[in-house]
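Now for the letters of each chain:
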Amino acid sequence: MLPAAIVCLWYGRPTGARPTPRGRMDGMKAKRLQAVERARREAPAGAGSAQAASLVKAKKRDARPARAPLARSEVLEKAARLRFEEEIDAALKRRPATEAKLAGALRAVACLSPALRASLGEATSVLLRRGACQRELYACGLRSLSEAQDRQATPLLRQALLTDDAGGPAALSSACFLRDPELLPLLAKIAASRQSHLAFGAELARVARGESNGALLAQLAPMIKESHRISMCVELFLPLIRAVPMAAHVGPALAVLRGAERHLGRWLVLAEVAVKAGDTSPIDEAGMRAKDGPESSRSAWSLVGWALSDRIALTRGVPPPLPPSARPTLELISRLSDRPSADRDTTFLFRLARARTASVRPML
């Protein structure tokens, strides 16, 4: 059987009568180009340039790489957010017995939801107008908004600092996290107050914001009463442990407060803030007391030294120290908490467990 090309030539059939599929595609493309050229010539002036610009934009759009999906600002589910908002509304109508638990849960999830922070800001404003600065929900709102750098934080904090008690310790603690220059004159005025604990809190905020050299802070430290020192450990210094490192100017003032502190857990809070500020003297002091101190407290001081070394390793980004070998007891663990020893708080136990200390396994 002869090939098809030889048969066509034999019978004298023109080769262009039946083009191949590729030839057909070329012909269609040529006809399309002729139609586009004819339309361009017949179009009025300016239409061709607009059409050419649209074609260029279309080509660029097709050649543009696909965008990565944008991250959602609302991480918290709607059902959970509505439940929290209902609990906040109920707490404003009548103070519940579980307000501390609600405040703790809000502190944990407020950073995940701008809508929830908006509701929390409204509730904080209501409590501030009522003068309820001792409520856990009020302190939770100010701290959550300031730590998240929310835009509601500065107006609320400015309003709180204008009150007689400067909004309480929660307002002075929240001022440490904001860098808004509007708060500078208010904090300077409170730092000159006759009440030493308010002046100390305002000056601490000024040092944290980089507006003071800490000289006044060292002068105010010996004037702090024991009751105020206890509240400041929980309200002022404990939030600073989770914050950015403090300025080194706080070292002398914290040394004075540690010298007057008899509770080991609160001493540890003050020492951790000092260590984050670059002062390593608390580690040396804890090591000395673990060797030469009373035998009944050497185990506790060894755990304190390990905690401070772990904190400085976390701050500097170096490998953590080896887990302690001392076997803790419930009494020892409760002494290392910032809360009163009678509360039997076991927070330090889970700190040891996070470091995978084998000696805490029986207690866990």
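Scroll up to find the structure this text is about.
Residues numbered from 1 in each chain as written. Predicted model: local features only at pLDDT ≥ 70, side-chain atom pairs only at ≥ 80, totals over all residues. Heavy atoms only, no water.

Caption draft 1: Representation of the layout of surface pockets within the structure. The volume enclosed by the largest pocket comes to roughly 1,300 Å³. Along its surface, the largest pocket is lined by 44 residues, and V234, L238, R242, D338 and R339 are the ones closest to its centre. Sorting the residues of the lining of the largest pocket by element identifies α5 (99-109), α7 (136-147), α9 (168-175), α11 (196-208), α13 (226-241), α15 (264-276) and α19 (347-354) as the ones contributing at least two each. With 9 residues, α13 is the single largest residue contributor to the lining of the largest pocket. (1 Å grid on protein atoms, 1.4 Å probe; cavity = no way out; pocket = protein on both sides within 12 Å on 5 of 7 lines; lining within 4 Å. Points joined across faces, edges and corners; volume = space filled by probe spheres on them. Helix = DSSP H or I, 4+ residues; strand = E, 2+ residues; numbered from the N terminus.)

Caption draft 2: Structural context of the packing of helix α8 (residues 153-161) against α9. Put simply, α8 and α9 touch, their axes get as near as 10 Å, and they point 135° apart. Viewed along their axes, α8 and α9 adopt a mutual orientation that is oblique. Crossing of α8 over α9 shows left-handed handedness. Contacts between α8 and α9 involve L157, A160 and L161 from the former and A171, L172, S174 and A175 from the latter. (Axes fitted to C-alpha atoms, helices over the stretch in contact; angles between N-to-C directions. Parallel < 35°, antiparallel > 145°, perpendicular 65-115°, else oblique. Left-handed = near helix turned anticlockwise from the far one by under 90°. Contact = heavy atoms within 4.5 Å.)

Caption draft 3: Broad picture of the side chain of S173. Counting through the fold element by element, S173 comes out in helix α9. With near-sequence residues (within four places) excluded, S173 lies in contact with R143, E235, L236 and P239.

Caption draft 4: Region of interest: unusual backbone geometry. One non-glycine residue, R344, adopts positive backbone phi at about 55°. Inspection of the secondary structure puts R344 in the loop between α18 (330-335) and α19. Of the residues examined, R344 reaches a relative accessible area of 45% and is grouped as partly exposed. The residue R356 is not glycine, and still its phi comes out positive at about 55°. Take R356: it is sitting in the segment after α19. The class for R356 is exposed, based on a relative accessible area of 76%. (Buried < 20%, exposed > 50% of the residue type's maximum accessible area, 1.4 Å probe, protein only.)

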